[in-house]
Amino acid sequence: MRGRASTNGDVDTDLPRRFGDYVLLEHLAHGGRGDVYVAVGPSAVSGRATCVIKCLRADLTADKSYVARFVEEARIAVQLQHPHLASVVDVGRVDASYYLAFEHVVGRSLREVIERAGAERGALPPAVTVELVCDLLAALDYAHRRTNAQTGEPLGFVHREVSPASLMISYEGELKLTDVGLARSTLELEMTMPGAAPGRLAYQAPEQVRGGDVDGRADLFAAAIVCYELLAGERFYAGRPPEKLWQVAGAGGFLPSGFAKLSPGLRSILGRALEPDAAQ
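Reference entry: report on the structure contained in this document. (Residues numbered from 1 in each chain as written. Predicted model: local features only at pLDDT ≥ 70, side-chain atom pairs only at ≥ 80, totals over all residues. Heavy atoms only, no water.)

1. Quick notes on the nonpolar core
Generally speaking, a soluble globular protein has its nonpolar side chains buried in company with each other. Residues Leu80, Leu110 and Leu136 are the most contacted members of the largest nonpolar core, which totals 49 residues. Only α3 (110-120), α4 (126-145), β8 (167-170), β9 (175-177), α6 (216-232), α7 (242-251) and α8 (264-273) provide two or more residues apiece to this core. When residues in this core are grouped by element, the largest group, 11 residues, is from α6. With residues up to four places along the chain from it excluded, the contact list for Leu110 reads Leu132, Pro164, Leu167, Ile169, Val226 and Leu230. (Core = buried A, V, L, I, M, F, W, Y, C linked by side-chain atoms within 4.5 Å. Buried < 20%, exposed > 50% of the residue type's maximum accessible area, 1.4 Å probe, protein only. Helix = DSSP H or I, 4+ residues; strand = E, 2+ residues; numbered from the N terminus. Contact = heavy atoms within 4.5 Å.)

Here it is in structure tokens:
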């Protein structure tokens, strides 16, 4: 199988190849944390024919804080099992490469669905949007309330990167939140970049953009932006130049012009979720 071009233009052509107990089949992406592959592994581990392998970048393994974060978040992730979360099925290390193995969701990202709908009809039907967002909220509610299986203490889970790109819709119509094992929680051992605001800026709550402490309410803020984009068929910050997005998103309180066109009930719900003050 030929490798697929990664997001930075690189192509992993040495495929398929053995990776520990797995065989890497296709290179999906190259991101800030590492490379992503479709792989086939032992059925006793993955429970299915294929899975998604996310490998930590080789240069990061020399940084103990990165490795500590990766291992601790993986330990948390395997405790999260929900119908609308793409589950972590394995975590480990092959030589010097740390990896997570995820459930392989065969389908399309919500970003792709939005773009296709926009080209054909402008937006998804409101009833479909509400059902999708309710599924997302159910997954977040579960993860935010989850406690440590050994100690009973709250995991303090925050996804931090809820966006259409991190949401998959399977060909069976199921919504799955991905990248669960790459979130940041109160159980992490070390900070990788103190004060940094990882994730996709256009979906972050103001406190996250400013590099402050965040909790599950930041994920709800992101979910509200996703909901608006599905309903309106446009980006929440459409037309805002990237260099000014930090200031707008960090201040909070922004509402796009299309917000006024939503039904009163949805405006009330989303308005509360988009409050710039998390306490509100």
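Structure shown, so let's carry the discussion forward.
2. Let's talk about the packing of aromatic side chains
Tallying each qualifying case throughout the model produces 7 aromatic pairs. Between the aromatic rings of Tyr228 and Phe236, the centroid separation amounts to 5.6 Å while the plane-to-plane angle is 90 degrees, which identifies the pairing as edge-to-face. Here Tyr228 and Phe236 have matching classes, each one buried. Taken together, the ring pairs in this structure connect Tyr228, Phe236, Tyr237, Phe254 and Phe259 into an aromatic cluster. Sitting over the ring of Phe102, Lys54 keeps its end group 5.4 Å from the ring centre. (Phe/Tyr/Trp six-rings, centres within 6.5 Å; stacked < 30°, edge-to-face > 60°. Lys NZ or Arg CZ within 6 Å of the ring centre and 35° of its normal.)

3. Quick notes on the pattern of salt bridges
Throughout the structure, instances matching the rule amount to 6 salt bridges. Measuring nitrogen to oxygen at the nearest pair gives 3.1 Å for the salt bridge that ties Glu103 to Lys176. With Glu103 in strand β6 (residues 97-103) and Lys176 in strand β9, this residue pair connects regions lying 73 residues apart in the sequence. Judged by relative accessible area, which is 13%, Glu103 ranks as buried. On the accessibility criterion, Lys176 (10% relative accessible area) is buried. We note a salt bridge from Arg217 to Asp215, for which the minimum N-O separation is 2.7 Å. In this structure Arg217 comes out as partly exposed when scored by relative accessible area, which is 41%. On the basis of relative accessible area, Asp215 is assigned to the partly exposed category, the value being 31%. (Salt bridge = Lys/Arg side-chain N within 4 Å of Asp/Glu carboxyl O.)

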